[in-house]
2 protein chains.
Amino acid sequence: MVRDVVSSQGGVAVYRQIAAIMRSRIAQGEYPPGYVLPAEQDLARQFGVGRDSMRDALAALRGEGLIETRRGFRSKVREAPVRTQVELAPGTTVTARMPTPEERVEQDVFEGVPMLVVGDRTYPADRFELHVP
Amino acid sequence: MVRDVVSSQGGVAVYRQIAAIMRSRIAQGEYPPGYVLPAEQDLARQFGVGRDSMRDALAALRGEGLIETRRGFRSKVREAPVRTQVELAPGTTVTARMPTPEERVEQDVFEGVPMLVVGDRTYPADRFELHVP
DNA sequence: GTATATTTGTACGTATGTATA
DNA sequence: TTATACATACGTACAAATATA
């Protein structure tokens, strides 16, 4: 199997290689926050892979919270969010977990964004940060 | 298209319907912590869907941190983890994000598990909890 | 130790549905 | 309406990791 940019010879999955390349481009600023990526199909062509591999690569980046995708739109590099500060009360315990599907819908939480859990309250981690007094 | 348990007529994707069913079974204790699920192929047969839909359903549950999957093994319902308490220093800020691929490998973090970020330190959220003094 | 079966992972293809522009 | 783009869902084949005979 012949490909331009990536190869399955190295033992690393093609979609992982592509994800690594794009991750690096995001980190380097080549794909800055807000940048609209080429369409899946175009990216697949550019990397010389099938649609599955390209989608898997994008799904990986989405799961890391690096890009966001909406149906009908092209994927976009996530912007650094402005976080609202929440003051922590003494004696409370903080954990984090992924949101339930209901929470994702109700609170409009993107894929790859965890929830901060403080007692019985939850905060999407991209819009809130907790401060220890 | 005829299916036993789920249907694509309702406007909800088949894999989402299956994920909802299995999520409910986990919540109800029908699939208790540590429970080893049937093989993908068997599940697909049971639900009367293709492998793609079944895999998408399992991937959704994995992304929520409800099950864990290793190659060659069948998927398993995640056990409630024992969390080590970390004392928060006054003045620090707490956030959460998904781990990088490097962090996932180095610290053996499962899919669907976020990282707690305290200053320049990070903690896998399934093994640590933060305490406000 | 080796071979075989099982199971998940990866990668390709095709077709159709749904949301947006 | 039409075009574009992502989502869903079916199929096939082979690779890689694990367990078992």
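Further up the page is the structure itself.
Residues numbered from 1 in each chain as written. Chains lettered and ligands numbered in written order. Predicted model: local features only at pLDDT ≥ 70, side-chain atom pairs only at ≥ 80, totals over all residues. Heavy atoms only, no water.

K.L.:
I'd like a rundown of helix H2 (residues 40-47) of chain B, residues and numbers included.
P.N.:
Residues and elements named next belong to chain B. Taken as a whole, H2 has its buried residues at Leu43, Ala44 and Phe47. Buried positions in H2, seen along its axis, are confined to an arc of 100° and lie on one side of it. H2 presents Gln41 and Arg45 as exposed residues on the side facing more than 90 degrees away from its buried surface. Where H2 is buried, its residues touch helix H1 (14-28) and helix H3 (51-63). Positive phi shows up at glycine 48, right after H2, with a value of about 70°. (Buried < 20%, exposed > 50% of the residue type's maximum accessible area, 1.4 Å probe, protein only. Helix = DSSP H or I, 4+ residues; strand = E, 2+ residues; numbered from the N terminus. Arc of directions from axis to C-beta. Contact = heavy atoms within 4.5 Å.)

K.L.:
Go over the packing of helix H2 (residues 40-47) of chain A against helix H3 (residues 51-63) of chain A, please, and point to the residues and values.
P.N.:
Residues and elements named next belong to chain A. Between H2 and H3, the shortest axis-to-axis distance is 9 Å and the interhelical angle comes to 110°. Classified by the angle their axes make, H2 and H3 are roughly perpendicular. Residues Glu40, Leu43, Ala44 and Phe47 of H2 touch H3, and the partners they reach there are Arg51, Met54, Arg55 and Leu58. Looking at the contact of H2 with H3 residue by residue, the class counts come to 5 nonpolar, no polar and 3 charged. (Axes fitted to C-alpha atoms, helices over the stretch in contact; angles between N-to-C directions. Parallel < 35°, antiparallel > 145°, perpendicular 65-115°, else oblique. Nonpolar A, V, L, I, M, F, W, Y, C, P; charged D, E, K, R; others polar.)

K.L.:
So, H3(B): which residues are in play, and what are the values?
P.N.:
Residues and elements named next belong to chain B. With 13 residues, H3 should reach 18 Å at 1.5 Å per residue; the first-to-last C-alpha distance of 18 Å fits that figure. Of the positions making up H3, those classed as buried are Met54, Ala57, Leu58, Leu61 and Arg62. The arc that holds the buried residues of H3, viewed along the axis, is 140°, so those residues lie on one side. Elements that come into contact with the buried residues of H3 comprise H1, H2 and strand E1 (67-68). After H3 finishes, the residue glycine 65 shows a positive phi value of roughly 80°. (Expected span 1.5 Å × (residues − 1).)

K.L.:
So, the protein's contact with DNA strand C: which residues are in play, and what are the values?
P.N.:
Near DNA strand C lie 24 residues; those nearest to it are Val14(A), Gly50(A), Ser53(A), Phe73(A) and Phe73(B). A share of 71% of the atoms of DNA strand C within 4 Å of the protein falls on sugar and phosphate groups. Measuring from a phosphate oxygen of DNA strand C, one finds a backbone N or O atom of Gly50(A) at 2.9 Å. Interatomic distance of 3.4 Å between a side-chain N/O atom of Arg71(B) and a sugar or linking oxygen of DNA strand C. Contributing elements (two or more residues each) for the surface near DNA strand C: helix H1 (14-28) and H3 of chain A together with H3 of chain B. Split by residue class, the surface near DNA strand C holds 7 nonpolar, 6 polar and 11 charged. (Near = heavy atom within 4 Å. Polar contact = N/O pair within 3.5 Å; in protein donor to acceptor, adjacent residues only side chain to side chain.)

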